[in-house]
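In case you want the letters, here they are:
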Amino acid sequence: MPDRPEIVCICGSARFSEEMLAANLDLTLAGAIVVAPSVFSRPDDRELSDEQKIALGALHLRKIDLADRVLVVNPGGYLGESTTREIAYAHTTGKPVSFTNPA
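Keep in mind it's a predicted model, so treat the numbers as computed, not measured.

**Q** Help me understand the overall build of the protein chain in this model?
**A** Along the protein chain, the regular secondary structure elements total 3 helices and 4 strands. Taking 13 Å as the expected radius of gyration for a compact globule of 103 residues, we find that the protein chain reaches 14 Å, a close match to that expectation. For the protein chain, buried positions account for 34% of its 103 residues. Here the analysis covers contacts within the protein chain between residues at least 6 apart in sequence; of these, 76% occur between residues at least 24 apart. Total accessible area on the protein chain is roughly 6,600 Å²; 58% of this is exposed by carbon and sulfur atoms.

**Q** I tried to follow the pairing of strand β1 (residues 7–12) on my own but got confused; where do I start?
**A** Two faces belong to every sheet, and in a regular strand the side chains alternate between them. Within β1, 6 of the 6 residues are buried, leaving the element largely enclosed by the surrounding structure. Of the two faces of β1, both are covered, the one formed by Ile-7, Cys-9 and Cys-11 as well as the one formed by Val-8, Ile-10 and Gly-12. When β1 meets strand β2 (residues 33–35), the two strands line up parallel, connected through 3 bridges. Of the residues in β2, the one forming a bridge with Val-8 is Val-34. As for the winding sense of the linkage, the β-α-β connection from β1 through helix α1 (residues 17–29) to β2 is right-handed. Across 5 bridges, β1 lies against strand β3 (residues 69–73) in parallel orientation. The partner of Cys-11 across the bridge, within β3, is Val-72.

**Q** Before we go on, may I ask you to explain helix α3 (residues 81–92) in this structure?
**A** Three or four residues apart is the spacing at which side chains of an α-helix point the same way, because the helix has 3.6 residues per turn. Between its first and last C-alpha, α3 extends 17 Å over 12 residues, near the 16 Å set by a 1.5 Å rise per residue. Along α3, the residues classified as buried are Thr-83, Glu-86, Ile-87, Tyr-89 and Ala-90. Buried residues of α3, seen end-on, are gathered within an arc of 160° and therefore sit on one face of the element. Seen from the buried face of α3, the exposed residues on the opposite side, beyond 90 degrees, are Glu-81, His-91 and Thr-92.

**Q** What is the right way to read the environment of Ala-14 from this model?
**A** In this fold, Ala-14 is placed in the loop between β1 and α1. For the pair Ala-14 and Asp-65, spaced 51 residues apart in sequence, the C-alpha separation works out to 20 Å.

Quick notes on the rules
- Residues numbered from 1 in each chain as written.
- Predicted model: local features only at pLDDT ≥ 70, side-chain atom pairs only at ≥ 80, totals over all residues.
- Heavy atoms only, no water.
- Helix = DSSP H or I, 4+ residues; strand = E, 2+ residues; numbered from the N terminus.
- Rg over C-alpha atoms; globule rule 2.2 N^0.38 Å.
- Buried < 20%, exposed > 50% of the residue type's maximum accessible area, 1.4 Å probe, protein only.
- Contact = heavy atoms within 4.5 Å.
- Areas by Shrake-Rupley, 256 points an atom, 1.4 Å probe, with all protein chains shown as cover.
- Pairing = 2+ DSSP bridges.
- Right-handed = clockwise from strand over helix to strand, strands pointing away.
- Expected span 1.5 Å × (residues − 1).
- Arc of directions from axis to C-beta.

Set out below in structure tokens:
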């Protein structure tokens, strides 16, 4: 038995924020520690600068470093540019990657 709960990093497009929140809840209720994107775009949110977007992208890669595995939330099989980069990064670091909607 491991000495700590599994750590899962959720990846996916910000357009799937509701689906990512649902996956976060399911994983948390199953006893996992979840790390996930913390900033979602909403119509009333302030616009992020390019520098902030780059910093958040780098921060998410560090979350992948912390994780035991990655769960990609991809309704309809959609994978955007950032998510594709995160999947490639996870593979290069040897992290298992699974998908909510496998191809």
